[in-house]
Amino acid sequence: MSISCNQSTLCKIFIDLTQTHRMEYLPDSNVRYKDVDYWNERYRTEESFEWFGDFTKFDHLLRQHVGTEENILMLGCGNSALSYDMYRAGYTSITNVDYSNVCVESMAERHKDCAQLSWLCMDARRLAFPDGVFDVVLEKGTLDAMLVEERDPWKVSENTARLLHQVLLELSLWWCQASPANQNISAYVHMKKTKQVSRVLKPGGRFISVTFAQPHFRKGLYARAEYDWSIKHYHYGNSFHYFLYVLTKGEELSSEDAALERRLLDEAEAPSTNIRFQEADSEDFLNNIGL
């Protein structure tokens, strides 16, 4: 039997069991998972941690979509052993970025003998790479950490939606209030497009996202025609399923995903009900979000 991540009680049991030895790293507030100071402090003492399982758990899926000779960007690498495990499996070019300088310096020193692995301190919202240099951009848990303050798995807040959009396809925006009848609706005025993940991918390149977020929650964030990619998803794990999304640049959305985008755009224009499902802010972020 697979466990659904929006079944919060079961999720909490699972997370508590897997995180017991990590209690010293749990912050006093979920919002701290978005704070670089929290990660710097954590990385000073924590040697390694794997979100959503190690490389062996999804190697069979990754090999279907990532060639060993391709140029790979690891987005928000953290102290995960994923890049090193991929290096040992034959992947020859992996650039690792994280916004924690403590993490980057530690990982660079640890893997200084691996010429195929490079380490850079960089914010995912401001990638300092030329256009079209990577065959693959891979993230495992990075986007989930950006969703720590979300309460409703069916409707992402405007602030978080802007943050995710900034990473996937950054925009400089003017925000203006909608009509008085819809005071909670903001209108996008697109002024300047500066692509990030989509920008640094080559034509035909793939953005691969590893998460516990089920398709009915996560695909709504990825299904946007302006990102210029198609969406496929897979799952791995036994009693608890994780998901691997493959977004291929230069391919159109499927008719199903295009319809999802249209539906979400229509819903965004409707008055918000502002329903909140949780009030407490004491659980770790994996239990707090269902995205």
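Source: prediction; values computed, not measured.

### As for unusual backbone geometry
Thinking step 1. The backbone of F52 sits at a positive phi, close to 65°, despite the residue not being glycine.
Thinking step 2. Examined against the element boundaries, F52 turns out to sit in the loop between α2 (36-43) and α3 (55-65).
Thinking step 3. Residue F52 is classed as buried on the basis of its relative accessible area, which comes to 5%.
Thinking step 4. With a phi close to 60°, D228 is a non-glycine residue in the positive phi region.

### As for the nonpolar core
Thinking step 1. F58, L62, M86, L138, I208 and L244 are the most contacted members of the largest nonpolar core, which has 38 residues in total.
Thinking step 2. In contact with L138, other than residues within four places in its own chain, are L62, L73, M74, L75, L82, M86, I208 and V210.
Thinking step 3. Among the nonpolar cores identified, the runner-up in size contains 34 residues, and V97, M122, A124 and V156 belong to it.

### Description of the confidence of the model for the chain
Thinking step 1. The predicted model of the chain has a mean per-residue pLDDT of 79, with 76% of residues at 70 or higher.
Thinking step 2. When the criterion is pLDDT under 50, residues 1-21 qualifies, and its contacts beyond four places in sequence or with other chains add up to 30 contacts.
Thinking step 3. Counted against residues more than four places away or in other chains, residues 170-194, with its pLDDT under 50, gives 47 contacts.

### Describing the environment of L244
Thinking step 1. Relative to the elements of secondary structure, L244 occurs in strand β9 (residues 242-249).
Thinking step 2. Separated by 34 residues in the primary sequence, L244 and V210 place their C-alpha atoms 4.5 Å from one another.
Thinking step 3. When near neighbours in sequence (up to four residues on either side) are disregarded, L244 contacts F58, L61, L62, I208, S209, V210, K232, H233 and Y234.

### Some words on α3
Thinking step 1. Every buried residue belonging to α3 is among F55, F58, D59, L61, L62 and H65, and all of these are buried.
Thinking step 2. Residues of α3 that are buried sit in contact with α4 (82-88), β4 (134-140), β7 (201-211), β8 (229-236) and β9.

Thresholds, definitions, all that
- Residues numbered from 1 in each chain as written.
- Predicted model: local features only at pLDDT ≥ 70, side-chain atom pairs only at ≥ 80, totals over all residues.
- Heavy atoms only, no water.
- Helix = DSSP H or I, 4+ residues; strand = E, 2+ residues; numbered from the N terminus.
- Buried < 20%, exposed > 50% of the residue type's maximum accessible area, 1.4 Å probe, protein only.
- Core = buried A, V, L, I, M, F, W, Y, C linked by side-chain atoms within 4.5 Å.
- Contact = heavy atoms within 4.5 Å.
- pLDDT = per-residue confidence, 0-100.

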